[in-house]
Every structure is written in structure tokens, then in C-alpha cells.
Amino acid sequence: MAALDGLPPLSDVIRRHGLDARKALGQNFILDLNLTQKVARNAGPLEDATVFEVGPGPGGLTRAILALGAKKVIAVERDPRCLPALAEVQAHYPGRLEVIEGDALTTDFEALAPEGPVKIIANLPYNVGTQLLVNWLLPKQWPPFWQSLTLMFQKEVGLRIVADEEDDHYGRLGVLCGWRTNAHMAFDIPPQAFTPPPKVTSTVVHLTPNENPIPCSVANLEKVTQAAFGQRRKMLRQSLKPIGGEKLLEKAGIDPQRRAETLSVEEFCRLANSL
């Protein structure tokens, strides 16, 4: 991509700015610009879209998104050491990259969203990735402000996102994602693609909103899934005891001898609506 966008190789950028990846910030940089382009292409056409990115680091994925024609990128970066490297990308793409120094967990992405399609593409910091996803699944209004999420996680988290009932990875995250989105794992990324290499394989997950999810209280759904999966090996009559137990299950028409991992998203919504 150095030839494609005219910017220096990422390894040079990292060396020049002293950007060693920091474990405390959950940082793992991808230096292969062909790979960052593959991630960005998974989000579909970008020409009319504003793209939110979290943790751009030295700007590898940012450069790929811009090179593929995104109208604008709004990148949230917590590490001030990365800002000079991102300033070079800003200068190369005048008016198309806005960098916000701050914590993505406290950033109001909905308030920042402009008119037109919004896509979120990110190599998420390992230590906050799941919480960021949950935040994007629970905005003030639904359908949400975003058109799609193309996100990189540890593979273990990716499996939990796309899991259905009877799957060993099925849990609260699978219920929430299954309720509000259509999610699939796009492709895996081996540890050696990162600097420094993590101990686990990563995966790219693509999510689009379910326009008409089953009407259901978010607070009740969280309460039900927390109780059910908090003691997932027990029968539901036991695990749901603190929030109604057998009476709740009878009201929802669910066999009290079943276990949490056997319930579909629709059945969890029935339980939530019965609370």
C-alpha cells in the first residue's frame, strides 16, 4: 500500500514515532497493509460512508479505509503517542480524517454521527472490545445510527458473538447479538500478522442491524440472561429462582427443567417480556 497511498511503510512510521504496542492499552498493530485492506473491504462500499474507527494506532487500518474511498473517517485514539503519526495521514487526506483523542468507552458515537450511512470498522483493543460492542448494540434508538460493524476480536469472542442455542459458546453476548443483529465471522487472522503477536488467533466479525427485533425490554433481557447463564449448568427453575423461577417459566411457556444454553433468542425475549 505504500505505492498505493504514497505514505511510508507502517514499520517506518512506528520506528520514527517510537510506537511500541502497549499491553496496558490492549494494543496489537497490523503492519500488513494488504491485510488491513481486506478488513476494510469486508465493510462493503465506503464511498458515501462516514467510518468510525477505534484505536487506530499508527494508522494502518485508517489508511486502508481512506484508500478505499471512505468519505470521512472519525478515529478515536486514547494513546497520545499515536497522534503525530495520524497527523501525517490527515495531511495526506485533507479534510477526510478527524482524530479525537479520548476513551472510546465514554465517547458518544451516536452524537457524533452525521447524516448519511455510518459504518464502524475497527481492530478493537482486546481489553475493551466486548464492552464497546455491547454499547453499540444498545443505542438510544433502534434501528441504530450505524449501518454495519466490521470488528476484529479474539476468536473466542467472535465465536460467542455468532453462537446459537446448543452451541458451547452460546451465552449472554450471543443472545444480545442474535436479538439485534445478523452476525457472521468473515475470516481469521493469525497471531503472526500482529506486532507484537498475541497468544491467540483473531477473527473479523461483520454485523448488520436486525431492523425489526422482537419487542423486548433491554433491562429485562439482561436480567434474564444474567440469571440464566450465571448458573448455566443448572435447570432454569433453579437458576431463575431469584427473578421468579417456575412462575416466570410457566408464564413464558418454557419447561423449567431446561437449561439456559437450550433456549432460543425468541424464548429469552418471551422470558424478558414475562418479567
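All of the points below concern the structure found in this document.

**Re the overall build of the chain**
Then comes step 1: Looking only at helices and strands, the chain has 13 helices and nine strands in total.
Then comes step 2: Rg of the C-alpha trace for the chain: 20 Å, near the compact-globule value of 19 Å for 275 residues, within the 12% margin.
Then comes step 3: Projected onto the principal axes, the alpha-carbon positions of the chain cover approximately 65 × 40 × 25 Å.
Then comes step 4: Burial status across the chain gives 49% buried among its 275 residues.
Then comes step 5: Residue pairs in contact within the chain that sit at least 24 positions apart in sequence constitute 70% of those at least 6 positions apart.
Then comes step 6: Accessible surface, the chain as shown: approximately 12,400 Å² in total, 49% of it carbon and sulfur.

**So, the nonpolar core**
Then comes step 1: One finds L133, W136, L151, F268 and L271 to be the most contacted residues of the largest nonpolar core, which totals 53 residues.
Then comes step 2: Non-local contacts of F268, meaning those with residues more than four positions away in its chain, are made with Y170, V175, L221, V224, T225, A228, F229, A260 and L263.
Then comes step 3: In this structure, A43, A64, I121 and V204 belong to the second largest nonpolar core, which totals 25 residues.

**As for the pattern of salt bridges**
Then comes step 1: The final tally for this structure, using the stated rule, is twelve salt bridges.
Then comes step 2: Between E267 and R258 there is a salt bridge whose closest N-O contact spans 2.7 Å.
Then comes step 3: Residue class for E267 comes out buried when judged on its relative accessible area of 12%.
Then comes step 4: When its relative accessible area of 24% is taken as the criterion, R258 is described as partly exposed.
Then comes step 5: Residues joined by salt bridges that share partners form a network here, namely D20, R22, D79 and R81.

**Digging into the state of the cysteines**
Then comes step 1: Scanning the entire structure with this criterion turns up zero disulfides.
Then comes step 2: Unpaired in terms of disulfides, C269 finds its nearest cysteine sulfur in C216, a separation of 4.1 Å.
Then comes step 3: The buried category is assigned to C269, whose relative accessible area is 1%.

Cut-offs used in this document
- Along every chain, residues carry numbers that run from 1 in the direction the sequence is written.
- Side-chain atom pairs in this predicted model are given and counted only at pLDDT of 80 or more, local residue features only at pLDDT of at least 70, and totals for whole chains, interfaces and linings cover all residues.
- The basis for the side-chain values is all heavy atoms of the structure; hydrogens and waters are excluded.
- Helix and strand assignments follow DSSP, with helices taken as H or I runs no shorter than four residues and strands as E runs no shorter than two, numbered in order from the N terminus.
- Based on C-alpha atoms, the radius of gyration is set beside the globule rule, defined as 2.2 Å times the residue count to the power 0.38.
- Working definition: with a 1.4 Å probe on protein chains only, accessible area under 20% of the residue-type maximum means buried, over 50% means exposed, and in between means partly exposed.
- Should any heavy atoms of two residues lie within 4.5 Å, those residues are considered in contact.
- Residue exposure ignores everything except the shown protein chains as possible cover, and the areas themselves are Shrake-Rupley values with a 1.4 Å probe.
- By convention a nonpolar core is built from buried Ala, Val, Leu, Ile, Met, Phe, Trp, Tyr and Cys residues, the set being connected through side-chain atoms within 4.5 Å.
- Note on definitions: salt bridges are taken to be side-chain nitrogens of Lys or Arg within 4 Å of carboxyl oxygens of Asp or Glu.
- Whenever a pair of cysteine sulfur atoms sits within 2.5 Å, that pair is classed as a disulfide.

These figures come from the coordinates and say nothing about function on their own.
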